[in-house]
Amino acid sequence: MSTPGQTTIIIGGASGIGWATAQLLAGRGNTVIIADLDGTAAGTRATELGANTAGHQVDVTDEQAMRTLFDTVAADHGPIDTVVDCAGISHPGTIADLSLADWKATVDVCLTGAFLTVKHAAHTMRDGGSIVLVASLNGRQPGVGMGAYCSAKAGVLMLTEVAAMELAPRGIRVNAVNPGFVHTPLTHGATLVPGLVEEYIENTPLGRAGTPADVARTIAFLTSGDTGWMTGAAIDLNGGAHTMRYPNIVERVADMTATSTDTA
Ligand SMILES: NC(=O)c1ccc[n+]([C@@H]2O[C@H](COP(=O)([O-])OP(=O)(O)OC[C@H]3O[C@@H](n4cnc5c(N)ncnc54)[C@H](O)[C@@H]3O)[C@@H](O)[C@H]2O)c1
């Protein structure tokens, strides 16, 4: 159970896993600040949550914007107790074919964004607080065509450990979650590739994809006193998929393209 009455910032909170987390924590009596690249959606989501919320536009890759976000929330709502970074994007492509721009965009949002989250959280949050970074199954399990995303998320896992060491003297805990395939707007494109989600599920012992609520419950657990002795940890949350293998998305997309060309 998360601790009621906390002030929580959720970056990337307007959609998917972040939005499910915002709803769960607000429902448990927390003040929830939704920060997102899509400022309109952040504002709409905050209105949906009702009292004790606010929506802010922020680009997690922009240091000045992140500094302003944390300073504004601290000024408006007092000490920040918990920070969750759910901002993420993915640009699939084999390493040989991936553009430098797509590599940089993915690493910037997923890894540099996590760095700026921890950095500015450290400057403004209260001692004894908790930071949760959303990494990924792909931070520990490789996938063909996932080079930028896998590398960035692996970086998030190491960042979690270093940050946990550095912030432990202040009692600030830093942990990560590693979701497997979860149905959200981020993964909608994958659901359009024939057989791709089915192959993921075949390689998932519990036999299903995840829901945003599955992940939100684990994030809430990590923000709570129930995990008061946990830091520098990453929780695998993927139906057991880390014990098997990741689908080959490049082959699946090639099959789909060949089929659509054949029938054209
Ligand atoms: N959905 C999955 O299968 C899955 C699996 C493992 C990890 N994850 C990770 O979970 C996190 C949440 O993903 P999701 O599936 O809920 O996706 P989503 O697309 O539903 O939500 C991501 C949110 O991040 C925001 N965002 C994107 N770029 C941003 C930026 N530069 N600054 C601020 N906000 C930005 C988007 O506007 C969006 O609201 C991501 O870090 C993602 O990599 C997702």
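Everything quoted here is computed from the prediction, not taken from an experiment.

J.: Explain the pattern of salt bridges to me, please; I cannot follow it from the model alone.
T.: Where side chains of opposite charge bring their charged atoms close, a pairing between them can arise. Evaluated as defined, the whole model comprises 10 salt bridges. Where Glu63 meets Lys119, a salt bridge forms, and the shortest distance between an N and an O atom there is 2.8 Å. Of the two residues, Glu63 sits in helix 3 (residues 63-77) while Lys119 sits in helix 4 (residues 100-124), which places them 56 residues apart along the sequence. The closest approach of N and O atoms between Glu199 and Arg245, which form a salt bridge, is 2.9 Å. Here the residue Glu199 occupies a position in helix 7 (residues 196-202), and Arg245 occupies one in the loop between strand 7 (234-237) and helix 9 (249-262), the gap between them amounting to 46 residues.

J.: Please explain the sheet that holds strand 4 (residues 80-85) as it appears in this structure.
T.: Two strands in a sheet stick together by hydrogen bonds in their backbones, pointing the same way (parallel) or opposite ways (antiparallel). Read from one edge to the other, the open sheet built from 7 strands follows the order 3-2-1-4-5-6-7, with strand pairing classed as parallel. Each having just a single partner strand, strand 3 (53-57) and strand 7 make up the two edges of the open sheet. Strand-to-strand, the axes of this sheet are offset by a mean angle of 15°, without reference to chain direction. Direction of pairing for strand 1 (residues 7-11) relative to strand 4: parallel, over a ladder of 4 bridges. Its bridge partner lying in strand 4, Thr8 is registered against Thr82.

J.: I tried to follow the layout of surface pockets on my own but got confused; where do I start?
T.: If you roll a probe as big as a water molecule over the atoms, it shows you where there is empty space left. Each pocket or cavity is described by its volume, and for the second largest pocket that value is around 200 Å³. Together, 14 residues line the second largest pocket, and Arg208, Gly210, Asp214, Asn238 and Gly239 are the ones closest to its centre. When its residues are assigned to classes, the lining of the second largest pocket shows 7 nonpolar, 5 polar and 2 charged.

J.: Would you mind showing me how to read helix 8 (residues 212-223) here?
T.: If you check helix 8, its first and last C-alpha atoms are 17 Å apart, about what 12 residues at 1.5 Å a residue would give, namely 16 Å. Every buried residue of helix 8 is accounted for by Pro212, Asp214, Val215, Ala216, Thr218, Ile219, Ala220, Leu222 and Thr223. Contacts made by the buried residues of helix 8 are with helix 1 (16-27), strand 4, strand 5 (125-134), strand 6 (173-179) and strand 7.

J.: It is not clear to me how the site of the ligand should be interpreted in this structure. Could you clarify?
T.: Ser15, Asp36, Tyr149, Val182 and Thr184 are the nearest of the 27 residues found near the ligand. Note that a nitrogen atom of the ligand is positioned 2.9 Å from one of the backbone N or O atoms of Val60. Here an oxygen atom of the ligand sits 2.9 Å away from a polar atom, N or O, in the side chain of Lys153. Relative to its unbound accessible surface of 820 Å², the ligand loses 92% to contact with the protein. Going through the elements one at a time, helix 1 and helix 5 (147-167) are the ones with two or more residues in the shell around the ligand. Per-class residue counts for the shell around the ligand are 16 nonpolar, 8 polar and 3 charged.

J.: How should I be thinking about the nonpolar core in this particular structure?
T.: Within soluble globular proteins, side chains that are nonpolar tend to cluster in buried spots. In terms of nonpolar packing, the biggest core is built from 33 residues, with Ile9, Ile11, Leu69, Phe70, Ile131 and Leu133 touching the most fellow members. Mapped onto this core, the elements with two or more residues apiece are strand 1, strand 2 (31-36), helix 3, strand 4, helix 4, strand 5, helix 5 and strand 6. One finds Ile10, Ile17, Leu25 and Val182 within the second-largest nonpolar core, a separate group that totals 19 residues.

Calculation notes
- Residues numbered from 1 in each chain as written.
- Predicted model: local features only at pLDDT ≥ 70, side-chain atom pairs only at ≥ 80, totals over all residues.
- Heavy atoms only, no water.
- Salt bridge = Lys/Arg side-chain N within 4 Å of Asp/Glu carboxyl O.
- Helix = DSSP H or I, 4+ residues; strand = E, 2+ residues; numbered from the N terminus.
- Pairing = 2+ DSSP bridges.
- Axes fitted to C-alpha atoms, helices over the stretch in contact; angles between N-to-C directions.
- 1 Å grid on protein atoms, 1.4 Å probe; cavity = no way out; pocket = protein on both sides within 12 Å on 5 of 7 lines; lining within 4 Å.
- Points joined across faces, edges and corners; volume = space filled by probe spheres on them.
- Nonpolar A, V, L, I, M, F, W, Y, C, P; charged D, E, K, R; others polar.
- Expected span 1.5 Å × (residues − 1).
- Buried < 20%, exposed > 50% of the residue type's maximum accessible area, 1.4 Å probe, protein only.
- Contact = heavy atoms within 4.5 Å.
- Near = heavy atom within 4 Å.
- Polar contact = N/O pair within 3.5 Å; in protein donor to acceptor, adjacent residues only side chain to side chain.
- Areas by Shrake-Rupley, 256 points an atom, 1.4 Å probe, with all protein chains shown as cover.
- Core = buried A, V, L, I, M, F, W, Y, C linked by side-chain atoms within 4.5 Å.

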